[in-house]
Amino acid sequence: IPVDPFDLVIFGGTGDLARRKILPGLFRRFCSGQMPGEATIVGAARSEMDDDSYRTFVREAIVEFGGGRHCEDGTLDEFLKHIGYVTIDARGTGGWDDLAGRMRDGIVRAFYFSVAPALFGDIAERLHNYGLATPESRIVVEKPFGKNLETARALNKTLAQHFDETQIYRIDHYLGKETVQNLMAVRFGNMLFEPLWNSQYVDHIQITVAETVGVGGRGGYYDTSGAMRDMVQNHLMQLLCLIAMEPPARFEPDAVRDEKLKVIRALEPVDYHHIVRGQYGATDTQPGYRDHVENPRSTTESFVALKCHISNWRWAGTPFYLRTGKRLKSRSSEIVVVFKDTPHSIFEEDAGRHRNVLAIQLQPNEGITLGVTIKEPGPGGMRLIDVPLDMTFADALGPEAEEVPDAYERLIMDVIRGNQTLFMRGDEVEAAWAWTDPIIEGWTRRGEVPKPYDSGSTGPDDALMLMHRDGRKWREIR
Ligand code: BG6
């Protein structure tokens, strides 16, 4: 279904995110017929460029980052007719009148702030002063949304001076991932799971987001951030919220966000014995983290594993184990719900005993598996084995599953539709910082240095110990 006509301005239109995600995502939606003929997209950035040279830039970005066969069949040429560019001075006066002149009345206006947070206030102010912002217009802001509670509050305050909360779309692209949304469908669209979804039946939950990439060319940013701020405070906490929240009354923005907020607020402070920080080291052939960030004394973590608890009626007593890291064995993100043992086994001791495990794989192969205990086939008596009920979407849904949209393209379309369900509300972001700040401050206070780990491993051994101590183990990163 096509969205309404819109004007979309991308501040930071020549940046990396625009090149890799935003522009190719918009093109894919154009190809699928969702972008209406009257839509315009205006890149706005510091570089001196005219419309034509920006169109060349956009063409190259789309060819490089996934335009596919439509790059050849004339569709890309059609798409480029919707593109324009304005050279803009975010802190000055240059370009603003030009940009205002390109906006059309009576249609959706969205402004994507794909720039450093330090510029959010300047841009928001100018959108008002130059008459670009209307009561119906929307702004989209990227992470990092602050560095801690104080800076996040200040950012929220700045944006609130010019925009109402219903106009602010804070992106966490994990919420746009297909399986992450599926998590809500699985939990709240089936009778099967929800009655068991509590500490009476669930032994523990694991959330792993493992990456093979290192910090790449983002060393400057990453070294002042670390895995806790870069991944845990946002992506992992959002996953935690979706897995742990109460059923919202409706699938509507505030109903969903209220429930997520309650989870964050119910999180207990983390005991520092229950957190492991790691940093990938160098090998003979590969540079390590400190080489990548060009900081030989860096104590920033590229890996975090932690155990936390949610103090509420549903989850008291069920630990949640979270881990994420760069340069790990493979790229694999999954949420694993490990159910408790049956209260009593009617079988012989040596028949074997297995727990039901529900694994929700977010990437790379999106799907859900449920481990079920059955009798081993054959004449060997009652021996129990664990077999997976496998619902890999690509197998179950065929070609449709291969067309899984990228998180960004879905989220941008939600902005145009005015649907905030998959965006973070200001109070959620602040609550998440309020929980992570003491952890980070504790590291600084104690002068804690991250444990080294090998590239291609599963992280520092201490992360394994975190679970072994509790008589549990991480599901293997595959
Ligand atoms: C970003 C982080 O938000 O998410 C990156 O800043 C990380 O450091 C990325 O690599 C992971 O996203 P995805 O979609 O590749 O899992």
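Reading guide: rules and limits
- Residues numbered from 1 in each chain as written.
- Predicted model: local features only at pLDDT ≥ 70, side-chain atom pairs only at ≥ 80, totals over all residues.
- Heavy atoms only, no water.
- UniProt positions renumbered as here; feature names shortened; annotations may be inferred.
- Helix = DSSP H or I, 4+ residues; strand = E, 2+ residues; numbered from the N terminus.
- Buried < 20%, exposed > 50% of the residue type's maximum accessible area, 1.4 Å probe, protein only.
- Contact = heavy atoms within 4.5 Å.
- Domains from an automatic or database assignment.
- Pairing = 2+ DSSP bridges.
- Axes fitted to C-alpha atoms, helices over the stretch in contact; angles between N-to-C directions.
- Salt bridge = Lys/Arg side-chain N within 4 Å of Asp/Glu carboxyl O.
- Near = heavy atom within 4 Å.
- Polar contact = N/O pair within 3.5 Å; in protein donor to acceptor, adjacent residues only side chain to side chain.
- Areas by Shrake-Rupley, 256 points an atom, 1.4 Å probe, with all protein chains shown as cover.
- Right-handed = clockwise from strand over helix to strand, strands pointing away.
- Parallel < 35°, antiparallel > 145°, perpendicular 65-115°, else oblique.
- Left-handed = near helix turned anticlockwise from the far one by under 90°.
- Nonpolar A, V, L, I, M, F, W, Y, C, P; charged D, E, K, R; others polar.
- Patch = residues over 30% accessible without salt bridge, like charges linked within 9 Å, V, L, I, M, F, W, Y side chains within 5 Å.

Q: In this structure, what is going on with the UniProt feature "binding site: substrate" (unreviewed entry) in the chain? I would like to understand it.
A: Per the UniProt annotation, the sites labelled "binding site: substrate" (unreviewed entry) are His173, Lys177, Glu211, Asp230 and Lys326. Structurally, Lys177 can be placed in the loop between strand 6 (168-170) and helix 7 (178-189). The class for Lys177 is buried, based on a relative accessible area of 12%. Sequence-distant contacts of Lys177, defined by excluding residues within four places in its chain, comprise Arg331, Gln363 and Ala407. Secondary-structure assignment places Lys326 in the loop between strand 10 (320-325) and strand 11 (332-339).

Q: Teacher, can you tell me more about the domain arrangement of the chain here?
A: A common measure of how large an interface is: the accessible area buried when the components associate. Each domain of the chain was delimited in the assignment, giving domain 1 (6-142) and domain 2 (175-404 + 425-468). Distance between the C-alpha centres of domain 1 and domain 2: 34 Å.

Q: Help me out: how do you make sense of the sheet that holds strand 14 (residues 384-392) in this one?
A: Remark on secondary structure: sheet strands pair via backbone hydrogen bonds, oriented parallel or antiparallel. Strand order in the open sheet formed by nine strands is 14-13-12-11-7-10-9-8-15, with mixed pairing between adjacent strands. On the outer flanks of this sheet lie strand 14 and strand 15 (451-453), each paired with one strand and no other. The average undirected angle you get between the axes of adjacent strands in this sheet is 20 degrees. Pairing between strand 7 (residues 202-210) and strand 10: six bridges, direction parallel. The residue of strand 10 that forms the bridge with Ile207 is Leu322. The strands touched by helix 9 (residues 226-244) are strand 7, strand 9 (303-308), strand 10, strand 11 and strand 12 (357-363); relative to strand 10, the strand with the most contacts, the crossing angle is about 140 degrees. Contacting strand 7, strand 8 (275-280), strand 9, strand 10 and strand 15, helix 16 (residues 461-468) runs over the sheet at an angle of about 10 degrees to strand 9.

Q: In this structure, what is going on with the pattern of salt bridges? I would like to understand it.
A: A side chain with one charge can pair with a side chain of the opposite charge if their charged atoms come near. Using the criterion set out here, one finds 41 salt bridges in the structure. Among the salt bridges present, the one from Arg314 reaches Glu194, with a minimum N-O distance of 3.0 Å. Taken together, the residues Arg314 in the loop between strand 9 and strand 10 and Glu194 in the loop between helix 7 and strand 7 connect sequence positions 120 residues apart. The pair formed by Arg314 and Glu194 is uniform in burial state, with each residue classed as buried. When the shortest N-O distance is used, the salt bridge between Asp203 and Arg472 registers 2.7 Å. One end of the pair, Asp203, is in strand 7; the other, Arg472, is in the segment after helix 16, with 269 residues separating them in the sequence. Just as Asp203 is buried, Arg472 falls in that class too. Through salt bridges with shared partners, a single ionic network connects Asp254, Arg257, Asp258, Arg425 and Asp427.

Q: Got a minute to help me understand the site of the ligand in this structure?
A: Taken together, Lys143, His173, Tyr174, Lys177, Glu211, Arg218, Asp230, Met231, His235, Lys326, Arg331 and Gln363 are the residues near the ligand. Residue Lys143 places a side-chain N or O atom 2.7 Å away from an oxygen atom belonging to the ligand. A distance of 2.4 Å separates an oxygen atom of the ligand from a polar atom in the side chain of Tyr174. Considered on its own, the ligand offers 400 Å² of accessible surface; in the complex 81% of this is hidden by protein. The biggest single contributor to the shell around the ligand is helix 9, with three residues.

Q: What should I look at first to understand the pairing of strand 4 (residues 108-113) in this one?
A: On a regular strand, one side chain projects to one face of the sheet and the next to the other, so that they alternate. Across the six residues of strand 4, six count as buried, placing the element largely inside the fold. With burial as the criterion, each face of strand 4 is covered, one bearing Val108, Ala110 and Tyr112 and the other bearing Arg109, Phe111 and Phe113. Two elements, strand 1 (residues 6-11) and strand 4, share six bridges in a ladder whose sense is parallel. Bridged to Ile10 within strand 4 is Tyr112. For strand 4 and strand 5 (residues 138-141), the ladder comprises four bridges, and the chain directions are parallel. Considered in strand 5, the bridge of Ala110 is made with Arg138. Chirality of the crossover, the property in question, places the unit of strand 4, helix 5 (residues 120-129) and strand 5 among those that are right-handed.

Q: Whenever I open this one, the packing of helix 9 against helix 15 (residues 426-446) confuses me. Can you help?
A: In a packed pair of helices, the relevant descriptors are the angle between the two axes and the axis-to-axis distance. Between helix 9 and helix 15, the least distance of the axes is 10 Å, while the angle of their chain directions is 140 degrees. By the angle between their axes, helix 9 is oblique relative to helix 15. As helix 9 runs across helix 15, the sense of the crossing is right-handed. Only Glu428, Val429, Ala432, Trp433, Trp435, Thr436, Ile439, Ile440 and Trp443 of helix 15 make contact with helix 9, whose side of the interface consists of Met228, Arg229, Val232, Gln233, Met237 and Gln238. The residue makeup of the contact of helix 9 with helix 15, split by class, is ten nonpolar, three polar and two charged.

Q: Where do I start with the side chain of Arg126 in this structure?
A: Relative to the helices and strands, Arg126 is located in helix 5. With residues up to four places along the chain from it excluded, the contact list for Arg126 reads Asp89, Ala90, Arg91, Gly92, Trp96 and Leu132.

Q: Where do I start with a nonpolar patch on the surface in this structure?
A: Taken together, the side chains of Ile346, Phe347 and Met382 define a hydrophobic patch exposed on the protein surface, amounting to about 300 Å² of accessible area. Relative to the helices and strands, Met382 resides in the loop between strand 13 (367-375) and strand 14.

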